[in-house]
Amino acid sequence: MRLWLAALAVTVVNWLMKAGGPLSIGERRLPPAAIRVVGLIAPVLLAGLIVTELGGKRLDWTQLAGVGAAGILSVLRVPLLPAVAAGIALTAGLRLLLG
Amino acid sequence: MIAIDRTGFAAGVRLGLGPAGAGFVLALSFGAEAEARGWGLGLPVLFSALAFSGSAQFTLLTALSGGTVAAAVASAALINARYLVMSVALNDSLRGSRLSRALQAQALVDASFVFAHRDDGRYDVSRLIGASLPQWVAWVLGTAVGSLTAPSPELMHRIGLDVVFPAFFLVLALDELRRSRRAFAASLLGAGIAAALLLVTDPGYALLGGTAAALIGLIPERDPGPAKITEETS
């Protein structure tokens, strides 16, 4: 019962967070300065996600190599899925070689 | 009630397939970990279907083992406070009544929010919803498979599955950074803040703190540069 209630509470809080914009701001439009801030949230969030995903536990250079390879391939115009798949293969290969 | 543009929705579904694959892998670990902690099958799957939030679900799972329910719920809520920021950002692009807009905003997840971001700074809501659909299916399915099969974290690490999410985020970030110099500067600052906060706190809080870098948007642009806004709103 304790688990179910905790999960339910987190679910409801999550719904409220996602609904927070429409519920709090309603029909009002944001001023230009706020629109500029809002436009920067997506790239900033992505940068933060990369940092927290790579450095969240402890730095692992085999993981960094795979992620870096995917990034380089993407810059070279390789599509998203093959680029990521190549990164996974490189990391798995390195771990296999290093035992 | 919700006007969905079919083209945008279909584009979103296609874009969402990549992160859906990554989400499936993460959901496998969530299901396996929940099973190992005695959550059974029903609760993790229902939790994934209704909450649809990796960061909050993992936080609750770990925090419950070491503390009170109230503290665990508060941690899971705080870790998702970034959705409040994203929801405010999305509000101007939503249509319909307040309730309808609140419902549309439930499609918010990190990757979809980025996919929905348009060059003019607004958000394509049909694309947002389309991108979240395959991710939701994969998230729920992955949780069920993880709970039933309980794959070992060691095996998942050995085959390099921890590369999936950061690699996706990096590729998406490279696209975002091409948009403007200011986005590049804000991203560098956000990454720096998140990295510094990581030294003293959990990833969820570091991520939330990093979003403060978007405040550099408050500084008026001296030189509009490539006349981006006028060009794209015309």
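The structure we're discussing is the one just above.
Here is a short report on the structure shown in this document.

Conventions used here
Residues numbered from 1 in each chain as written. Chains lettered and ligands numbered in written order. Predicted model: local features only at pLDDT ≥ 70, side-chain atom pairs only at ≥ 80, totals over all residues. Helix = DSSP H or I, 4+ residues; strand = E, 2+ residues; numbered from the N terminus. Rg over C-alpha atoms; globule rule 2.2 N^0.38 Å. Contact = placed C-beta atoms within 7 Å. Expected span 1.5 Å × (residues − 1). Buried ≥ 20, exposed ≤ 12 C-beta atoms within 10 Å, placed from the backbone. Core = buried A, V, L, I, M, F, W, Y, C linked by C-beta atoms within 7 Å. Domains from an automatic or database assignment. Axes fitted to C-alpha atoms, helices over the stretch in contact; angles between N-to-C directions. Parallel < 35°, antiparallel > 145°, perpendicular 65-115°, else oblique. Left-handed = near helix turned anticlockwise from the far one by under 90°. Nonpolar A, V, L, I, M, F, W, Y, C, P; charged D, E, K, R; others polar.

It is worth spelling out the overall build of chain B at this point. Looking only at helices and strands, one finds 13 helices and zero strands in chain B. Counted from the first residue to the last, chain B has its helices and strands arranged as α-α-α-α-α-α-α-α-α-α-α-α-α. The C-alpha atoms of chain B give 19 Å as radius of gyration, which agrees with the globular expectation for 234 residues (17 Å, within 12%). Taken along its principal axes, the extent of the C-alpha atoms in chain B is 55 × 45 × 35 Å. Partitioning the contacts of chain B with sequence separation of at least 6, the portion at a separation of at least 24 is 69%.

Before going further, it helps to examine helix H8 (residues 125-149) of chain B. Across its 25 residues, H8 of chain B extends 36 Å between first and last C-alpha, which sits within 8% of the 36 Å expected from 1.5 Å per residue. Ala150 of chain B sits one or two residues past H8 of chain B and shows a positive phi near 45°.

Below, the discussion takes up unusual backbone geometry. With the exception of glycine, the majority of residues adopt a negative phi angle, and the majority of peptide bonds are in the trans configuration. Phi at Arg77 of chain A takes a positive value of approximately 70°, unusual for a residue other than glycine. Within the fold, Arg77 of chain A resides in the loop between helix H3 (61-75) and helix H4 (80-97). Residue Arg77 of chain A is classed as exposed on the basis of its 7 C-beta neighbours within 10 Å. Positive phi, close to 50°, is recorded for Phe52 of chain B, a residue that is not glycine. In this structure, Phe52 of chain B sits in the loop between helix H2 (42-51) and helix H3 (54-66).

Moving on, we come to the nonpolar core. Within the largest apolar cluster, 100 residues are counted, with the highest numbers of intra-cluster contacts made by Ile41, Leu46 and Ile50 of chain A together with Leu60 and Val164 of chain B. The leading source of residues in this core is helix H2 (residues 32-55) of chain A, at 13 residues. The two domains that each donate at least three residues to this core are domain 1 (6-165) and domain 2 (180-234) of chain B. When residues no more than four places from it in sequence are discounted, the contact partners of Ile50 of chain A are Pro166, Phe169, Leu170, Ala173 and Ala191 of chain B.

Residue and element names in this part refer to chain A. Direction vectors running N to C along H3 and H4 enclose 150°, while the axes themselves pass 8 Å from each other. Comparing the axis directions of H3 and H4 gives the class roughly antiparallel. For the element pair H3 and H4, the recorded crossing hand is right-handed. Across the interface between the two elements, Thr62, Gln63, Ala65, Gly66, Val67, Ala69, Ala70, Leu73 and Ser74 of H3 pack against Ala83, Val84, Ala86, Gly87, Ile88, Leu90, Thr91, Leu94 and Arg95 of H4. Taken together, the residues that form the contact of H3 with H4 break down as 11 nonpolar, six polar and one charged.

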